[in-house]
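If you want the building blocks of each chain, they are given just below.
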Amino acid sequence: MIPTPDLSHLTAKDYDHVYEPAEDTFLLLDALEQDEQELKDLSPKISLEIGSGSGCVSAFIGKILGPSVLYLCSDINPQACGCTRATGTQNKVVLDPINASFALPLSARLKRSVDIILFNPPYVPTIPDEMSDAQDARGISGSWAGGTDGMNVTDVFLESVEVR
């Protein structure tokens, strides 16, 4: 069993601004653990997490795959980027946070180069204005406000992903 990353360095003040790992996060960790061998068999070079928040998910996959992988972690929330970097340090995994929507500033360079994409998207149904305001504000509400059917942010992301 792979231990959940140590998040003891994060405080209640951090969680006022950054999504605190919850059931959805732990379900994702469980799925990654179940696929541990398949992930290793990929021999990945680049892992990209969209919406890294606390950094828990990337730190976890970093424990699975080890230091030979580049762990890019994007988040629209600058405080989340700081938490992601700190979580990597706390767990001895080098995480490279990027303060950006998806990984747009790197999209041309990363085109067809990412081996693993991780995304625990905002999925709570909200009115469209609430979702767009949350994304524009780049704060904690951007981590859960998913639009009319909870799929708006996911749909935008999926439209930009190319399969190798």
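Everything below is about the structure shown above.
The present account deals with the structure reproduced in this document. On a predicted model such as this, the values are computed, not experimentally measured, just so you know.

### Examining helix 2 (residues 23-34)
For helix 2, built from twelve residues, the straight-helix expectation of 16 Å at 1.5 Å per residue is met to within 8% by its first-to-last C-alpha distance of 16 Å. Listed as buried for helix 2 are D24, T25, L29 and L32. When helix 2 is viewed along its axis, its buried side chains cluster within an angular range of 140 degrees and face the same direction. Exposed side chains of helix 2 directed beyond 90 degrees from the buried face belong to E23, L27 and Q34. Here the buried face of helix 2 lies against helix 3 (36-41), helix 4 (56-65) and strand 4 (116-119).

### Here's the deal with a negative patch on the surface
A cluster of acidic side chains, namely D129, E130, D133 and D136, defines a negative patch on the protein surface. By the secondary structure assignment, D136 is in helix 7 (residues 128-137).

### Quick word on the pairing of strand 3 (residues 95-99)
In terms of strand pairing, strand 2 (residues 70-75) meets strand 3 through five bridges, oriented parallel. Bridge pairing in strand 3 places S74 opposite I98. Of the crossover connections in this fold, the one passing from strand 2 over helix 5 (residues 78-90) to the parallel strand 3 is right-handed.

### Description of the nonpolar core
Counting 24 residues, the largest nonpolar core has L32, I61, L65 and Y71 as the members making the most contacts within it. For this core, the secondary structure elements donating two or more residues are helix 2, helix 4, strand 2, helix 5 and strand 4. Among the elements that take part in this core, helix 4 stands out by supplying seven residues, more than any other. Apart from residues no more than four positions distant in its own chain, L65 is found in contact with L39, K40, P44, Y71 and I116.

Parameters at a glance
Here the residue index of a chain counts from 1 through its sequence in written order. Local features in this predicted model are restricted to residues of pLDDT 70 or higher, and side-chain atom pairs are both shown and tallied only at a pLDDT of 80 or more, whereas totals for entire chains, interfaces and linings draw on every residue. As a rule here, side-chain values come from all non-hydrogen atoms in the structure, and water together with hydrogens is ignored. In DSSP terms, a helix is any run of H or I states spanning at least four residues, a strand is any run of E spanning at least two, and both are numbered starting from the N terminus. One less than the number of residues in a helix, times 1.5 Å, gives the span that helix is expected to have. Each residue is assigned to one of three classes by its accessible area relative to the maximum for its type, calculated with a 1.4 Å probe on protein chains only: buried under 20%, partly exposed between the two thresholds, exposed over 50%. Note that the arc is computed from the directions linking the helix axis to the C-beta atoms. Should any heavy atoms of two residues lie within 4.5 Å, those residues are counted as being in contact. To count toward a patch, a residue needs a relative accessible area above 30% and no salt bridge. Like charges then connect within 9 Å, nonpolar side chains (Val, Leu, Ile, Met, Phe, Trp, Tyr) within 5 Å. For accessible areas, the Shrake-Rupley method is used with a probe of radius 1.4 Å. Any residue's cover is judged against the shown protein chains and nothing else. What makes a salt bridge here is a side-chain nitrogen of Lys or Arg within 4 Å of a carboxyl oxygen of Asp or Glu, nothing more. Asp and Glu are treated as the negative residues and Lys and Arg as the positive ones, with His and the ends of the chain left uncounted. Just so you know, the charge point we use is NZ for Lys, CZ for Arg, CG for Asp and CD for Glu. Strand pairing is assigned whenever DSSP identifies at least 2 bridges connecting the two strands. A right-handed crossover is one whose linking path, passing over the helix from the first strand to the second, runs clockwise when the strands point away from the viewer. Definition used in this section: a nonpolar core is a set of buried Ala, Val, Leu, Ile, Met, Phe, Trp, Tyr and Cys residues joined via side-chain atoms within 4.5 Å.

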